[in-house]
Amino acid sequence: MYNNRLRTILFPVILAFAVVLGMVINSLMSRQQLRLPLGSDNALPMQGSKLDMIMNMINYSYVDTVDIRQIEEDAIPQIIKDLDPHTVYIPAKDMQRVNEEMVGNFGGIGVQFYKYRDTVTVVKVVPGGPSEKAGLQDGDRIVRVNDSLVAGKKMSTDAIMKLMRGEVGSDVEITLVRRGTPRPVRKRITRGNIPIKSVDIAYMVNDTTGLVKVKTFGMNTYNEFMQAMEKLSAQGMRKVIIDLRDNEGGILPIAIQMINEFLPANRLILYTQGKAVPRMDYSSNGKGRYQTLPLCVLINDFSASASEIFAGAIQDNDRGLIIGRRSFGKGLVQEQRMLPDGSALRLTVARYYIPSGRSIQKPYDQGKEKYYSDIYERALHGEFTQKDSIRFDENLKYETVGGRTVYGGGGVMPDIFVPNDTLGFSNYLMEVNRKQALLYEYTFEFMDAHRDRMRRLKDYKQVLDYLKPYDLVDAMADYAARHGVKRNERDIRTSRRVMDNTLKAFIGRHVLDDDGFFPIFYLEDTTVERALEASFPE
């Protein structure tokens with residue numbers, strides 16, 4: 001997670017390990033600052049821990065000057081590496097970035113951009129954001145950010161984002177080139193709070209079924225989710241699909257709030273318990289607005305933590321259908337403990353258990369590498385394509401409220417298994433996806449050429465209507481051939497349907513952001529199709 005740079009230190013590693021562990025255990029107790037006379041055999045007084053004493057020895061008696069703070073930064077990840085996989089140290093310099101998604105906003109100018117062949121192009125201006133107020137438009141090419149040239153430079157996306165982001169209220173000058181304007185244009189933009197969406201999309205899949213895709217559980221997710229549900233209810237929603245695929249979790253109380261909306265009173269949602277944390281139960285209060293709305297939850301291999309709590313609580317209470325593939329298997333609770341320099345330790349303090357009493361935490365006693373490679377092991381032994389390849393421990397058998405058998409010890413197994421869709425896969429498709437993301441780059445050029453007409457489109461159905469006259473797959477294949485991927489007619493026929501859908505979805509994203517992407521992409525999604533075919537329990 002953080003690279004081991006400790007090997008470059010020229011004195012014993014154990015000293016650094018010992019120092020930092022002592023700081024963590026003793027909550028950064030004051031070090032005794034004592035310099036011993038040269039050649040003294042006296043021992044340091046036993047104040048604090050032995051590890052604090054070692055820090056003093058290094059700091060005041062070691063032959064060379066050393067950077068104690070850097071030793072600490074390098075050593076902490078090594079000290080905690082043999083704990084569970086989710087206890088992590090966050091350096092102070094990374095705290096803002098790590099917390100942005102949870103908080104739900106950041107200081108920025110409000111644009112989505114794509115770095116295409118060393119040209120930074122505005123794909124989408126955030127409605128109502130600072131850039132829109134300053135007059136930036138979709139399709140503008142950004143040349144400079146303040147005094148930093150970004151056009152024609154091999155600069156990473158992260159580096160460009162750092163230039164644009166900053167403290168709310170601070171100014172940044174953007175120099176841009178606009179089609180039809182002969183000279184570069186300068187815009188001074190005052191950075192504002194830019195929201196980070198945690199609900200990607202909420203739309204009516206058909207006349208009666210709504211779909212809400214939740215990307216993460218952040219501070220604003222509950223409010224976003226409820227607004228989405230209210231919007232769909234007003235459009236006639238009589239059942240709902242909640243898509244938690246690839247949702248890696250987030251803030252536990254937010255997930256509990258959302259689950260509560262679907263359960264009758266006094267239903268257990270989960271409980272947590274740890275060595276130093278007594279059991280704490282979380283139950284529904286009976287005030288949920290959607291207690292009888294037919295419900296289906298989609299999960300996959302990368303649904304983890306809070307998303308598994310959501311799926312598990314719904315499943316164990318027999319409240320709805322879980323559809324997809326077995327979830328990741330994270331059942332550990334972290335607390336973020338701040339340190340005086342602004343860094344933090346996210347420390348695992350408890351396990352959570354879903355209503356049947358099962359823990360869904362998969363084993364981690366063979367180390368982090370084995371833990372995270374478990375997903376690939378699942379793929380190798382066929383779990384992504386064959387439900388029968390999954391083996392559960394009979395000693396970890398539990399029952400739902402209604403008496404159905406469920407298993408603990410490694411993720412949530414869906415009620416309806418949907419194998420990974422390999423229809424339409426080909427070597428050609430893999431090649432155009434891998435080499436410079438040619439599928440996406442082609443759609444970027446298409447949108448750039450059609451921007452003036454397509455910016456008037458209001459929804460994904462209008463996007464699809466606009467694209468009907470175009471053979472996107474054939475044009476993309478010509479484009480790919482010009483960029484080093486030879487046409488393969490047999491593979492193109494095999495993958496035509498998949499590529500056509502993907503290309504249209506990417507163009508939909510260029511026009512309408514996620515509102516244009518997901519409704520098109522999901523037209524060929526076998527898990528969504530299976531959910532639409534299922535009979536939802538009430």
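Described in the following lines is the structure provided in the data block.

Reading the values: rules and limits
Residues numbered from 1 in each chain as written. Predicted model: local features only at pLDDT ≥ 70, side-chain atom pairs only at ≥ 80, totals over all residues. Heavy atoms only, no water. Pairing = 2+ DSSP bridges. Helix = DSSP H or I, 4+ residues; strand = E, 2+ residues; numbered from the N terminus. Core = buried A, V, L, I, M, F, W, Y, C linked by side-chain atoms within 4.5 Å. Buried < 20%, exposed > 50% of the residue type's maximum accessible area, 1.4 Å probe, protein only. Contact = heavy atoms within 4.5 Å. Axes fitted to C-alpha atoms, helices over the stretch in contact; angles between N-to-C directions. Phe/Tyr/Trp six-rings, centres within 6.5 Å; stacked < 30°, edge-to-face > 60°. Lys NZ or Arg CZ within 6 Å of the ring centre and 35° of its normal. 1 Å grid on protein atoms, 1.4 Å probe; cavity = no way out; pocket = protein on both sides within 12 Å on 5 of 7 lines; lining within 4 Å. Points joined across faces, edges and corners; volume = space filled by probe spheres on them. Parallel < 35°, antiparallel > 145°, perpendicular 65-115°, else oblique. Left-handed = near helix turned anticlockwise from the far one by under 90°. Nonpolar A, V, L, I, M, F, W, Y, C, P; charged D, E, K, R; others polar. Salt bridge = Lys/Arg side-chain N within 4 Å of Asp/Glu carboxyl O.

## Some remarks on the pairing of strand β7 (residues 171-177)
Next, step 1: Taken together, the 4 bridges between strand β5 (residues 141-145) and β7 define a ladder with antiparallel strand orientation. Within β7, the residue paired with Val145 across the bridge is Ile174.
Next, step 2: Relative to strand β8 (residues 185-190), β7 runs antiparallel, the two being bridged by 6 bridges. The residue of β8 that forms the bridge with Thr175 is Arg186.

## Thoughts on the nonpolar core
Next, step 1: If you look at the biggest cluster of nonpolar residues, it comprises 53 residues, and the most contacted ones within it are Ile323, Tyr428, Val432, Met454 and Met476.
Next, step 2: When neighbours within four sequence positions are excluded, Met454 is seen to be in contact with Phe446, Met447, Val463, Tyr466, Leu467, Ile507 and Val511.
Next, step 3: Membership of the second largest hydrophobic core comes to 45 residues, among which are Val212, Leu252, Ala255 and Val412.

## Some points on the sheet that holds strand β21 (residues 416-417)
Next, step 1: In spatial order, the strands read β10-β11-β12-β15-β16-β21; together these 6 strands make up an open sheet with mixed pairing. Each of the sheet's edge strands pairs with one partner strand only, and the pair in question is β10 (199-204) and β21.
Next, step 2: Here strand β12 (residues 239-243) pairs with strand β15 (residues 295-299) via 4 bridges, running parallel. Bridge pairing links Ile241 to Cys296 in β15.
Next, step 3: Relative to β15, helix α9 (residues 306-316) is tilted by about 140 degrees, and along the sheet it contacts β12, β15 and β16 (321-324).

## Thoughts on the packing of aromatic side chains
Next, step 1: Considering all chains together, one arrives at 20 aromatic pairs under this definition.
Next, step 2: Look at Tyr371 and Tyr372: their rings are 5.1 Å apart centre to centre, the planes differ by 90 degrees, and that puts the pair in the edge-to-face class.
Next, step 3: By relative accessible area, Tyr371 is classed as buried at 2%.
Next, step 4: Owing to a relative accessible area of 35%, Tyr372 belongs among the partly exposed residues under this scheme.
Next, step 5: Here a set of aromatic residues connected by ring pairs shows up, and it is made of Tyr114, Tyr440, Phe444, Phe506, Phe517, Phe518, Phe521 and Tyr522.
Next, step 6: The ring centre of Tyr271 lies 3.5 Å from the NZ or CZ of Arg279, which sits over that ring.

## Structural notes on the layout of surface pockets
Next, step 1: A volume near 1200 Å³ is recorded for the second largest pocket.
Next, step 2: Taken together, 37 residues make up the lining of the second largest pocket; nearest its centre are Asn420, Asp421, Phe521, Glu524 and Asp525.
Next, step 3: Counting only elements with at least two residues in the lining of the second largest pocket, the list comes to α12 (427-434), α16 (489-512), α17 (514-521) and α18 (526-533).
Next, step 4: Broken down by element, the residue count for the lining of the second largest pocket peaks at 8 residues, all from α16.

## Some remarks on the environment of Met102
Next, step 1: Locating Met102 in the fold gives a position in helix α4 (residues 95-103).
Next, step 2: Between the C-alpha atom of Met102 and that of Gly250, which follows or precedes it by 148 residues, the distance is 7.0 Å.
Next, step 3: If sequence neighbours within four positions are ignored, Met102 has contacts with Thr216, Phe217, Gly218, Met219, Gly250 and Ile251.

## Things to note about the packing of α16 against α17
Next, step 1: Running from N to C, α16 and α17 point in directions that differ by 160 degrees, and their axes come no closer than 6 Å. By the angle between their axes, α16 is roughly antiparallel relative to α17. Where α16 crosses over α17, the two elements pack in a sense that is right-handed. Taking contact as the criterion, the partners of Asn501, Thr502, Lys504, Ala505, Phe506, Gly508, Arg509 and Leu512 in α16 are, on α17, Asp514, Asp515, Gly516, Phe517, Phe518, Ile520 and Phe521.
Next, step 2: Its residues placed into classes, the contact of α16 with α17 shows 7 nonpolar, 4 polar and 4 charged.

## Quick notes on the pattern of salt bridges
Next, step 1: Applying the stated criterion to the full structure yields 33 salt bridges.
Next, step 2: Across the pair Arg245 and Asp243 runs a salt bridge whose closest N-O atoms are separated by 2.9 Å. The burial state of Arg245 is the same as that of Asp243; both residues are buried.
Next, step 3: The residue Arg337 makes a salt bridge to Glu335 at a minimum N-O spacing of 2.9 Å.
Next, step 4: Of the residues examined, Glu335 reaches a relative accessible area of 35% and is grouped as partly exposed.
Next, step 5: Residues joined by salt bridges that share partners form a network here, namely Arg141, Arg179, Asp448 and Arg451.

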